[in-house]
Amino acid sequence: MKIDFRGKSIISISDLSKTEMLHILKHAEDLKKKPQPKMLSGKIMASCFFEPSTRTRLSFETAMERLGGQVMGFADGKVSSAKKGETTWDSMKIIGQYADVIAMRHSLEGAARRASEATNKPVLNGGDGANQHPTQTLLDLFTIKECQKKINGLHIAVAGDLKYGRTTHSLTQALAKFNIRLYFVAPDELQMPKYIQEELKKAGVKFSLHDKIENIVNKVDILYMTRIQAERFADQMEYDRVKNAFVLTPSMLIKAKPNMRVMHPLPRVNEITPAVDQTKHAYYFEQAENGLYTRQALLGLVLGKLK
Ligand code: CP
């Protein structure tokens with residue numbers, strides 16, 4: 001199969017085959033080893049963040065600038081004409097006339113797909129509501145491969161808010177294309193959505209549901225922690241009931257395999273105590289750095305500068 005990302009939008013991880021994901025990771029590995037400061041000279045990326053972000057926005061913007069390109073855009077939808085009632089479709093149609101590529105985040109599920117229908121420029125989804133965060137997943141896969149030297153054969157636990165956590169949805173769907181074993185650890189009301197569990201069953205992926213990290217920590221190679229997504233709860237009382245459901249401490253890692261690594265898309269609130277940072281298991285800061293190389297690879301590919 002010939003892989004050609006030129007002009008393509010990256011909206012959902014499900015749109016990518018395993019071969020395509022590995023192709024992106026290979027370029028990210030190359031860019032981490034050998035920077036390309038002129039690759040995107042003359043190109044402009046629009047950075048359209050209607051919802052708050054630190055890592056995704058700044059790593060996209062740094063990625064573009066470190067490849068020699070330029071960035072314009074906004075970090076808050078309230079300073080764009082969305083505030084006056086402009087539709088996402090109209091905004092993206094116009095922004096696509098100014099930029100070569102658009103990186104965006106929006107609170108509404110489906111907003112990135114809609115944007116990609118409005119413009120003929122590639123749209124890179126930096127998160128749409130509780131739906132998808134495909135570029136996070138690519139950097140997660142990159143990080144898993146980097147710290148464990150492989151993806152196939154791993155046992156991976158995904159813990160925290162699996163209902164609203166878009167990173168957990170995208171990551172699970174991507175991992176389903178590999179030969180892995182999954183453990184979902186969450187309070188009942190925040191477990192992995194049924195439609196994703198059904199997808200896993202259809203794909204023949206082994207998984208199990210748990211409510212305590214301690215019950216699975218000795219079995220896994222990766223423990224992927226996530227934040228309880230306060231902003232997506234309709235009911236404050238429901239959030240208060242689960243907000244302290246999982247708090248990872250060094251004592252909970254005593255039985256972990258020596259090479260087990262803790263990942264987290266960040267930001268964290270209280271679900272990983274700072275003392276875990278000092279353990280050999282912590283790998284979330286390296287993970288965040290890898291966003292830079294993965295997003296550089298995506299920009300190079302969709303703008304036709306990488307093959
Ligand atoms: N991981 C992630 O999406 O972080 P930000 O919300 O800071 O972009």
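Here the structure is a predicted model, which means the values were calculated and not measured.

### What to know about the side chain of R295
Assignment of secondary structure puts R295 in helix 9 (residues 284–302). Sequence-distant contacts of R295, that is, excluding residues within four places in its chain, are made with R55, T56, S59, F60, A63, H133, T135, Q136 and L139.

### Focus: the site of the ligand
S53, T54, R55, T56, R105, H133, Q136, P265 and L266 make up every residue found near the ligand. Within the side chain of R55, an N or O atom sits 2.9 Å from an oxygen atom of the ligand. A distance of 2.9 Å separates an oxygen atom of the ligand from a polar side-chain atom of H133. Relative to its free-state accessible area of 260 Å², the ligand is covered by the protein chains to the extent of 92%. Applying the majority rule of atoms within 2 Å of the grid points places the ligand in the largest pocket.

### Focus: the pattern of salt bridges
Counted under the stated rule, the structure contains 12 salt bridges. Between E29 and K145 there is a salt bridge, with its nearest N and O atoms 2.9 Å apart. Here the residue E29 occupies a position in helix 1 (residues 18–33), and K145 occupies one in helix 5 (residues 134–148), the gap between them amounting to 116 residues. For the salt bridge of K257 with D221, the shortest nitrogen-to-oxygen distance reads 3.0 Å. Of the two residues, K257 is situated in the loop between helix 8 (236–242) and strand 9 (261–263) and D221 in the loop between strand 7 (206–210) and strand 8 (222–225); the sequence distance between them amounts to 36 residues. K257 sits in the partly exposed class, given a relative accessible area of 32%.

### Considering the sheet that holds strand 5 (residues 155–159)
Read across the sheet, five strands follow the order 7-6-5-8-9 without closing on themselves; strand pairing throughout is parallel. Only two strands of the sheet have a single neighbouring strand rather than two, namely strand 7 and strand 9. With direction set aside, neighbouring strand axes in the sheet form an average angle of 20°. Relative to strand 9, strand 8 is paired through three bridges, and the arrangement is parallel. Paired with Y224 across the bridge in strand 9 is M263. Sheet contacts for helix 6 (residues 166–175): strand 5, strand 6 (181–185) and strand 8; angle to strand 6, the most-contacted strand, approximately 160°.

About the thresholds
- Residues numbered from 1 in each chain as written.
- Predicted model: local features only at pLDDT ≥ 70, side-chain atom pairs only at ≥ 80, totals over all residues.
- Heavy atoms only, no water.
- Helix = DSSP H or I, 4+ residues; strand = E, 2+ residues; numbered from the N terminus.
- Contact = heavy atoms within 4.5 Å.
- Near = heavy atom within 4 Å.
- Polar contact = N/O pair within 3.5 Å; in protein donor to acceptor, adjacent residues only side chain to side chain.
- Areas by Shrake-Rupley, 256 points an atom, 1.4 Å probe, with all protein chains shown as cover.
- 1 Å grid on protein atoms, 1.4 Å probe; cavity = no way out; pocket = protein on both sides within 12 Å on 5 of 7 lines; lining within 4 Å.
- Sits in = over half its atoms within 2 Å of the grid points.
- Salt bridge = Lys/Arg side-chain N within 4 Å of Asp/Glu carboxyl O.
- Buried < 20%, exposed > 50% of the residue type's maximum accessible area, 1.4 Å probe, protein only.
- Pairing = 2+ DSSP bridges.
- Axes fitted to C-alpha atoms, helices over the stretch in contact; angles between N-to-C directions.

Shape is all these values report; function is a separate question.
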